[in-house]
Amino acid sequence: MAGSLTREEPAAASGPRPVPAVIRTALFAAGVLARRILLLAGLLAVVFAAVELLPGDAANATSERGESAADLAERRHLLGLDRPVAERFWDWMTGLPTGDLGTSARGEPVADLLAHPFPNTLLLGGLALLLTLLASVALGCWAAAEPGGRLDRGVSASATGILALPEFVVAVALVLVFALWTDWLPAVTLTDADGSPASWRMLVLPVLALAVPQIGWNTRIVRAALADEAKAPHIDTAVLDGLPRHRILTHHLLPGALPTIAAGIATSTGMLLGGAVVVETIFNYPGIGSVLAGAVADRDSPLIAGVVAVTGAVITGVLLLADLVRAWASGGRT
C-alpha cells in the first residue's frame, strides 16, 4: 500500500498540463480578430450616421434637373431613405457575410463599382508597403551599425524631417522634379482597357509619394527597436564572444526587434491606404480615391461604407498578421 501511495504522489503533484504555444497563439488571434471586427462594425455605423448628418441626401445629390417633388419622393422610397438609418444600416450589415455590399445611390452594385479600383489601390499600397519595409529596415540597420556616429545622427535627422512631410507635398515635389523638370516619369496615370495602369512607370511616382513619409516613420521605429535590443544581456555576450558585427545584427538584434518592427509596418498600412486617396487624385490614378470622392458627393452611404469595409478588412488582416508575428517572436506568450 505504501508503494502504491508513493507511485500516486507524483501524479497528484504534477498538476494540469500547460497549454501548447500553438493553441495559446490561436486563442489570442481569435480574440484579437473578434475585437477588431467589432471595432470595424462600430466604425461602419459611424460612417452611416455621419453621411446622414450631411446636408441633403442621396436622392437630391443624384437627381437630374427638372425632377419634381414627387419624383424625388419616389427616388427616396426606392433608395430606402424613408426608413430609419439604423434599419438601413442593419440591412446592409446582414449582407456583408455573403459579400453583398449593397446598392449605390445610382442603382449599381457596390461590389461591381469596387471590383477594378480596389485592386489598383491594393497594388499601389502593397508596393508602397514593401518599399517602406525594405528601405526602413535597411536604413535602421545602417544607422545602428555605428551607434551615436555621424551616420546614425544623419539617418535619424533625415528620417525625422521626412516623416513630417504630408503625402501631397511629397507628390507635388516628385512631379516637379521627375515629370516637369527632367521628364523621366509620367505625371498622370493612363489605363488599359481593363482599368489597370498602362505601364509600370506610371506606378513609380505614386508609390514613392506614399512610401517616403512612412519610410521616415519606420526608420525611426527600427532604429529605436534595435537600440533597445542592444541593451539586452545576450548582446553583450555575443560581443564578448567575438561574433562579427553583421552576425550580431542579423542573428541577435533583428529577431528581438521584430515585434516592434512588425507593429510599425502594420500601423503604416492604414496610413498608406488613407494617403492613397490624396495621391490617387494628384496622379489621376484609377483607385478608390475617385470612387470615394464621388460617393461623398452623392451622399451614398452604401458605397462609402463599402469602401470603408474592404479597406478596414485589409488593415485588420495586416494588424492580425503583426500580432501573430509578435506572438511567435515571444514564443506564444501573449
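Residues numbered from 1 in each chain as written. Predicted model: local features only at pLDDT ≥ 70, side-chain atom pairs only at ≥ 80, totals over all residues. Heavy atoms only, no water.

**A short note on the overall build of the protein**
Each helix and strand in the protein was counted, giving 14 helices and zero strands. Reading the protein from its N end, one meets helices and strands in the order α-α-α-α-α-α-α-α-α-α-α-α-α-α. A compact globule built from 334 residues would reach a C-alpha radius of gyration of about 20 Å, whereas the protein, at 26 Å, exceeds it by more than 25%. Restricting the contact set of the protein to residue pairs at least 6 apart, pairs at least 24 apart contribute 74%. Surface accessibility of the protein: about 18,300 Å² in total, with carbon and sulfur atoms responsible for 68%. Distance from the positive charge centre (22 side chains) to the negative charge centre (28 side chains) of the protein: 12 Å. (Helix = DSSP H or I, 4+ residues; strand = E, 2+ residues; numbered from the N terminus. Rg over C-alpha atoms; globule rule 2.2 N^0.38 Å. Contact = heavy atoms within 4.5 Å. Areas by Shrake-Rupley, 256 points an atom, 1.4 Å probe, with all protein chains shown as cover. Lys, Arg positive; Asp, Glu negative; His and termini not counted. Charge placed at Lys NZ, Arg CZ, Asp CG, Glu CD.)

**What about the layout of surface pockets?**
The computed volume of the largest pocket comes to approximately 490 Å³. Where the lining of the largest pocket is concerned, the elements lending two or more residues are helix 2 (21-53), helix 4 (69-79), helix 5 (85-95) and helix 14 (301-329). Among the elements that make up the lining of the largest pocket, the one with the highest residue count is helix 5 (four residues). Looking at the lining of the largest pocket, its residues break down into nine nonpolar, eight polar and eight charged. Computed from the structure, the second largest pocket encloses a volume of approximately 400 Å³. (1 Å grid on protein atoms, 1.4 Å probe; cavity = no way out; pocket = protein on both sides within 12 Å on 5 of 7 lines; lining within 4 Å. Points joined across faces, edges and corners; volume = space filled by probe spheres on them. Nonpolar A, V, L, I, M, F, W, Y, C, P; charged D, E, K, R; others polar.)

**Structural notes on the packing of aromatic side chains**
For the structure on display, the rule yields three aromatic pairs. The interplanar angle of 65° and the centroid separation of 5.3 Å between the aromatic rings of Phe48 and Phe89 together place this pair among those described as edge-to-face. Placement of the pair is Phe48 in helix 2 and Phe89 in helix 5, with a sequence separation of 41 residues. Using a relative accessible area of 16% as the deciding quantity, one classes Phe89 as buried. Considering the side-chain rings of Phe178 and Trp184, the 6.1 Å spacing of their centres and the 45° angle between planes classify their relative orientation as tilted. In textbook terms, an aromatic cluster arises when at least three aromatic residues are bridged by ring pairs, as seen for Phe48, Phe89 and Trp92. (Phe/Tyr/Trp six-rings, centres within 6.5 Å; stacked < 30°, edge-to-face > 60°. Buried < 20%, exposed > 50% of the residue type's maximum accessible area, 1.4 Å probe, protein only.)

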